[in-house]
Amino acid sequence: MTNSEPIVLDALVLGGGFGGIHMLHQLREMGLTVVALEAGTGVGGAWYWNRYPGARCDIESLVYCYSFSPIIDDEWSWTERYATQPEIVRYINFVCDRLDLRKDICFNSRLVKATFDEEAGFWTLHTENGDVYRARHFVSSAGPISEPIWPDIPGREKFKGEIYHTAKWPQQEPDFRGKRVGVIGTGSSGTQLIPLVAEQAKHLTVFVRTPNFYANANNRPLTDSDQAWWMQNRTRIRERLRTSEIVGSGDVFMNEEMLATRLRKGDEYSENERREILEKRWQFGGATMPRAFVDILTNHELNDEISGFLRAKIAHIIKDPATAEIMTPRNIYFGTKRICVGTNFYETFNRPNVTAVGVKKTPIERFSEKGLVVDGKEHEFDVIICASGFDALTGALTVIDIHGVDGKTIKDVWSKGSDTYLGIGVAGFPNLHLIGGPGSPSVLVNVVMANEYQVGWISRRIKYMRDHGLTRVDVDPDYQAKWSQTVKDVIQGTVLVSADSWYVGTNVPGKAKGILAYAGGMVNYKQACDAAAERKYEGFVFS
Ligand code: N01
């Protein structure tokens, strides 16, 4: 059923993931009329769509969840160190039920157009199925990694077999038994999916263009004593994470001795000590290697040493030297791509039914009716899986026809770089508030914690506007330019400058190259946002 009469709201929230449903709750608590739009049939955001086999969070479950509600904290317990996609979706559903949020979420509602009405000071928002909303505030929590991209290979429509993208996985799980399966992509998604598909498929061929660095998750069930320990320590651990960024994505259970190295430079240790530290982290598992020492991204020699350590692991695990070489990252610095975390990934390439095909020097030429053509040779498949990634941080918004003042579109404004102020506002787009957007720490930190902070900050600003009778907030372009420069400056001297990855947009043809997220850490980011708020939201223009 469509609704041609606009539904008038105080705020419209885009997205039914972690950030969106928290924002919905927060604004509703403040007494605003608010609706959240979600394109899927259920909540979960990226976790709703990325339901491929093996999908699992690479941040430990105990800290990949909300901390704002003691009720949720007390009533939910995670079952594994790293939560599976189904468990995360169950958690988000539980939160929705517990806070009675579902009644204000419109499912199957894909936002296609949003226009700021300068005269009225309202956003007019259109969904694909014809619903229209008028909202004073438009809060986007569309997700930093939610707009999938297909591989830039011609002829996809010609392939006659089954074809899937990991981020648009069907509700009905495909059956790979007895089938010849090809996978394009060995980022986080491919890494998680490949071992499980290999167990089913008759034969699996993995096309590898730029092998990334990888760590074993070392996943395990959480025991009763883990749960008891967490109940006692969660406040302390969260506080430590909020205030110092110690205890990150994979190290909740790390002892003080292991944690301490991340505040030290590599050359404070001897070569043997460094190797021991890396070995301990390798055994400990998870995305802990990037934070083994404080200067991994700035000290090229140290970076090479860690790369060498991880390359040696590949040579040790993968038995066939030619396959090991295809899987070995060369000519990229460690940390310029997000480290992949999985289970039995390298071991899978020792299976007799798995083949790796290097496609760096000889790229995949095209899809054919029967499969994929590489170097003139046709590889035939029943199924092709594209684990080819996302148009990160900006894609979920540029895909929507968003018009700010003077008809400017967000797509045009971001065509030369994804400028924002504090990652929260964009000059010329009044009353648009971004969660997890470009220029914020977003995917470079624990995104759920970052979202929680932004939800709080945005809510307080909306309250400030209400308390002061203000109806319109825009960004001062000078402050935006300064913040964008800060985002660029933060990575100077780091290996990220030379990166080619979704971190800098080079995975999307035609996208402007530049660091998309603020890499200065959550503590510095919060200081910048809190300072602006204390100075009556300095850098924002109210009317
Ligand atoms: O995507 P990616 P992803 N021919 O961009 C390859 C998050 N995430 O979905 O590197 C051949 O990393 C491409 O090759 P190259 C997480 O933050 C989190 O795996 O461009 N190959 C690359 O190997 C992650 O970092 C979880 O040379 C082609 C792959 O496709 C982010 O999402 C789980 C190609 C894309 O890798 C993105 O991960 C999953 C072509 N034409 C994802 N085109 C968690 O655990 C592309 N590729 C939380």
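Keep in mind that what you see is a predicted model, and the values were worked out from it rather than measured.

1. Some points on the domain arrangement of the protein
Alright, step 1. Splitting the protein by domain gives domain 1 (7–147 + 391–542), domain 2 (156–213 + 318–386) and domain 3 (237–297).
Alright, step 2. Counting residues at the interface gives four residues for domain 2 and six residues for domain 3.
Alright, step 3. Here domain 2 packs against domain 3, burying approximately 420 Å² in sum over the two surfaces, 90% of which is carbon and sulfur.
Alright, step 4. Sorting the residues of domain 2 by area buried against domain 3 places Phe-334, Ile-339 and Val-341 first, and these three jointly supply 82% of that buried surface.

2. Let's talk about the site of the ligand
Alright, step 1. Around the ligand sit 24 residues in total, of which Arg-56, Ser-189, Arg-209, Thr-210 and Lys-337 are the nearest.
Alright, step 2. In the model, an oxygen atom of the ligand is placed 3.2 Å from a nitrogen or oxygen of the Arg-338 side chain.
Alright, step 3. Its free accessible area being 910 Å², the ligand has 88% of it covered by the protein chains.
Alright, step 4. With three residues, helix α5 (residues 188–200) is the largest single contributor of residues to the shell around the ligand.
Alright, step 5. In terms of residue class, the shell around the ligand is made up of 10 nonpolar, nine polar and five charged.
Alright, step 6. Two domains each donate at least three residues to the shell around the ligand, and these are domain 1 (7–147 + 391–542) and domain 2 (156–213 + 318–386).

3. Quick notes on the environment of Ala-356
Alright, step 1. Structurally, Ala-356 is set in strand β12 (residues 354–358).
Alright, step 2. Since its relative accessible area comes to 11%, Ala-356 is described here as buried.
Alright, step 3. Along the primary structure Ala-356 and Pro-221 are separated by 135 residues, whereas in three dimensions their C-alpha atoms are 31 Å apart.
Alright, step 4. Here Ala-356 is in contact with Val-206, Val-208, Thr-323, Ile-326, Met-327 and Phe-349, once residues within four sequence places are set aside.

4. Describing the pattern of salt bridges
Alright, step 1. For the structure shown, the criterion picks out 30 salt bridges.
Alright, step 2. The partner of Arg-264 in a salt bridge is Glu-268, and the shortest N-O contact between them spans 3.7 Å.
Alright, step 3. Accessibility expressed as a relative area gives 38% for Arg-264, which makes it partly exposed.
Alright, step 4. The partly exposed category is assigned to Glu-268, whose relative accessible area is 46%.
Alright, step 5. Within this structure, Asp-73, Asp-74, Arg-234 and Arg-238 form a network of salt bridges that share partners.

5. Observations concerning the side chain of Lys-511
Alright, step 1. With respect to the helices and strands, the residue Lys-511 is situated in the loop between α15 (477–490) and α16 (522–534).
Alright, step 2. When its relative accessible area of 19% is taken as the criterion, Lys-511 is described as buried.
Alright, step 3. If sequence neighbours within four positions are ignored, Lys-511 has contacts with Asp-391, Ala-392, Thr-394, Gly-505 and Leu-516.

6. What about the layout of surface pockets?
Alright, step 1. Estimated volume of the second largest pocket: approximately 1,200 Å³.
Alright, step 2. Lining the second largest pocket are 48 residues, and of these Glu-245, Arg-291, Leu-444, Val-445 and Ala-519 sit closest to its centre.
Alright, step 3. Residue assignment for the lining of the second largest pocket shows that the elements contributing at least two residues are α6 (224–244), α14 (447–467) and α16.
Alright, step 4. When grouped by side-chain class, the residues that make up the lining of the second largest pocket number 27 nonpolar, 11 polar and 10 charged.

Calculation notes
Each chain carries its own residue numbering, running from 1 in the written order of its sequence. Restriction of local features to residues with pLDDT of at least 70 applies here, the model being predicted, together with a cutoff of 80 or more for giving and counting side-chain atom pairs; totals for whole chains, interfaces and linings are based on all residues. For side-chain calculations, the full set of non-hydrogen atoms in the structure is used, while hydrogens and water are omitted. How far each domain reaches was decided by an automatic or database domain assignment. Contacts: residue pairs with any heavy atoms within 4.5 Å of one another. Summed over both partners, the accessible area (1.4 Å probe) lost when two parts come together is defined as the buried area. Each residue is tested against the molecule or strand, and it is near if at least one of its non-hydrogen atoms lies within 4 Å. Contacts described as polar in this section are N or O atom pairs within 3.5 Å, which, within protein, must combine one atom able to donate a hydrogen with one able to accept it, while residues neighboring in sequence count only if both atoms come from side chains. Accessibility throughout is a Shrake-Rupley quantity obtained with a 1.4 Å probe, and a residue counts as covered only by protein chains that appear here. Put simply, DSSP marks the helices as runs of H or I at least four residues long and the strands as runs of E at least two long, and each gets a number from the N terminus on. Residues are sorted three ways: Asp, Glu, Lys and Arg are charged, Ala, Val, Leu, Ile, Met, Phe, Trp, Tyr, Cys and Pro are nonpolar, and all the rest, Gly among them, are polar. Burial status follows relative accessibility: with a 1.4 Å probe on protein chains alone, a residue under 20% of its type maximum counts as buried, one over 50% as exposed, and anything between as partly exposed. A pair is scored as a salt bridge if a Lys or Arg side-chain nitrogen falls within 4 Å of a carboxyl oxygen belonging to Asp or Glu. Cavities and pockets were defined on a 1 Å grid built over protein atoms only: a cavity is a set of grid points that admits a 1.4 Å probe from which the probe cannot escape, a pocket is an open set flanked by protein on both sides within 12 Å along at least five of seven lines, and lining residues are those with an atom within 4 Å of any such point. Grid points are joined across faces, edges and corners, and a volume is the space filled by probe spheres set on the points.

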